[in-house]
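Fold and geometry: a report
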Amino acid sequence: MNIGQNLKNLRLSLGKTQNEIAEMGGFNQGIYANWETNRFVPGAESLMKLADCFGCSVDYLLGRENEESIIVINEDKKYTAEESNLIDLYRKLSSKKKDLVIEFIKFQLS
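Computed from a prediction, not measured in an experiment: that's the story for all the values here.

Definitions and limits used
- Residues numbered from 1 in each chain as written.
- Predicted model: local features only at pLDDT ≥ 70, side-chain atom pairs only at ≥ 80, totals over all residues.
- Heavy atoms only, no water.
- Axes fitted to C-alpha atoms, helices over the stretch in contact; angles between N-to-C directions.
- Helix = DSSP H or I, 4+ residues; strand = E, 2+ residues; numbered from the N terminus.
- Parallel < 35°, antiparallel > 145°, perpendicular 65-115°, else oblique.
- Left-handed = near helix turned anticlockwise from the far one by under 90°.
- Contact = heavy atoms within 4.5 Å.
- Nonpolar A, V, L, I, M, F, W, Y, C, P; charged D, E, K, R; others polar.
- Salt bridge = Lys/Arg side-chain N within 4 Å of Asp/Glu carboxyl O.
- Buried < 20%, exposed > 50% of the residue type's maximum accessible area, 1.4 Å probe, protein only.

**What to know about the packing of helix α2 (residues 18-25) against helix α3 (residues 29-36)**
Look at α2 against α3: their axes get within 9 Å of each other, and the N-to-C directions meet at 110°. Relative to α3, α2 is oriented roughly perpendicular. Crossing of α2 against α3: the hand is right-handed. When α2 is examined against α3, the residues Gln18, Asn19, Ile21 and Ala22 are found in contact with a partner set consisting of Gln29, Tyr32, Ala33 and Glu36. Per-class residue counts for the contact of α2 with α3 are four nonpolar, three polar and one charged.

**Things to note about the pattern of salt bridges**
Tallied over the full model, the rule gives two salt bridges. The closest approach of N and O atoms between Glu36 and Arg11, which form a salt bridge, is 2.5 Å. Residue Glu36 is located in helix α3, and its partner Arg11 is located in helix α1 (residues 3-13); the two are separated by 25 residues in the primary sequence. In this pair, the class of Glu36 matches that of Arg11, namely buried. In this structure, Glu45 and Lys49 form a salt bridge, with 3.8 Å as the shortest nitrogen-oxygen distance. Taken together, the residues Glu45 and Lys49, both in helix α4 (residues 44-54) and four residues apart, mark about one turn of the helix. The class of Glu45 is exposed, set by a relative accessible area of 55%. Taking the relative accessible area as the measure of exposure, Lys49 reaches 35% and is therefore partly exposed.

Below you can see the structure in the form of structure tokens.
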């Protein structure tokens, strides 16, 4: 897989538009679209911002790691198998259902 395909797959798994990801990372939507279609390759700083947006490593974006690497959001946080499963299930939900899950969790915590 290539960087563009990885970006697209991650974006779709989150149920986000190109514009939403571009806004999250502080990118121009047109530039982001060019990255997804492999017209351009993001630079190092942009790759780091993209990894933060998607909660994965730069190596994952570059195709140097498999999907399991997406579990580590940053060097300080590692997740249990149960937490990883929850994240995987959450990412499969539609945006509307994700909002409902967040509201349910907030309700449970109150």
